[in-house]
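What follows is each chain in one-letter form.
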Amino acid sequence: MSEAKAVFESMLNRFDADEADDMEAVFQFDLDDADSYYLTIADGQCEMGEGEHDDPTVTLSMDLNTLKDVMSGELDGMAAFMQGKIRADGDIMLATKLTQIFPQ
């Protein structure tokens, strides 16, 4: 299993359905140095897909280490965005909820 896939599987295990209450969204992750993945949230469930989704709600572009640091809490997602380590397209406010939906 790739390192990137392991990060996304750990996110699936930490999914907090209460935080994602009534959310219907697709988070597309375009990783500079790894394969692309997306997480689909609907009906209190979260599923992972590989590759590019046809119609993501928000697309986040970064390298794998930035993703790992944000999801582990070592790096604040908003700070990473402001520093240019994360690029976002689409519903950027949704991106700010990532660490609430996938707590440590």
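Visitor: Just to check I follow, could you spell out the pairing of strand S2 (residues 37–42) for this structure?
Guide: Two faces belong to every sheet, and in a regular strand the side chains alternate between them. Note that strand S1 (residues 25–31) and S2 share 5 bridges and pair antiparallel. Considered in S2, the bridge of alanine 25 is made with isoleucine 41. Here S1 hands over to S2 after 5 residues, the two strands then running antiparallel side by side. Two elements, S2 and strand S3 (residues 45–50), share 6 bridges in a ladder whose sense is antiparallel. Each residue of the ladder has a partner; that of alanine 42, found in S3, is glutamine 45. As consecutive antiparallel partners, S2 and S3 are separated by 2 residues, and within that stretch aspartate 43 has a phi angle of approximately 55°, a positive value.

Visitor: Is there a simple way to think about the environment of threonine 99 in this case?
Guide: Of note, threonine 99 is situated in helix H5 (residues 98–101). Here threonine 99 falls in the partly exposed class, since its relative accessible area comes to 40%.

Visitor: Would you explain the packing of helix H1 (residues 3–14) against helix H2 (residues 64–72) in this entry?
Guide: For any two helices packed against each other, the geometry is given by the interaxial angle and the distance between the axes. At a minimum axis separation of 10 Å, H1 and H2 run at an interaxial angle of 20°. Our classification of the angle between H1 and H2 gives roughly parallel. Crossing of H1 against H2: the hand is left-handed. Mapping the contact onto sequence places Glu3, Ala4, Val7, Phe8, Met11 and Arg14 in H1 and Leu64, Leu67, Lys68 and Met71 in H2. In the contact of H1 with H2, the residues fall into 7 nonpolar, no polar and 3 charged.

Visitor: Even after reading the chapter, I still don't get the pattern of salt bridges, so can you show me in this structure?
Guide: Here the idea is simple: oppositely charged side chains can pair when their charged atoms come close. Overall, the coordinates contain 3 salt bridges when judged by the stated rule. Two residues, lysine 68 and glutamate 3, come together in a salt bridge whose shortest N-O distance is 2.3 Å. Of this pair, lysine 68 sits in helix H2 while glutamate 3 sits in helix H1, and the two are 65 residues apart along the sequence. By relative accessible area, which is 26% here, lysine 68 ends up partly exposed.

Procedures and definitions
- Residues numbered from 1 in each chain as written.
- Predicted model: local features only at pLDDT ≥ 70, side-chain atom pairs only at ≥ 80, totals over all residues.
- Heavy atoms only, no water.
- Pairing = 2+ DSSP bridges.
- Helix = DSSP H or I, 4+ residues; strand = E, 2+ residues; numbered from the N terminus.
- Buried < 20%, exposed > 50% of the residue type's maximum accessible area, 1.4 Å probe, protein only.
- Axes fitted to C-alpha atoms, helices over the stretch in contact; angles between N-to-C directions.
- Parallel < 35°, antiparallel > 145°, perpendicular 65-115°, else oblique.
- Left-handed = near helix turned anticlockwise from the far one by under 90°.
- Contact = heavy atoms within 4.5 Å.
- Nonpolar A, V, L, I, M, F, W, Y, C, P; charged D, E, K, R; others polar.
- Salt bridge = Lys/Arg side-chain N within 4 Å of Asp/Glu carboxyl O.

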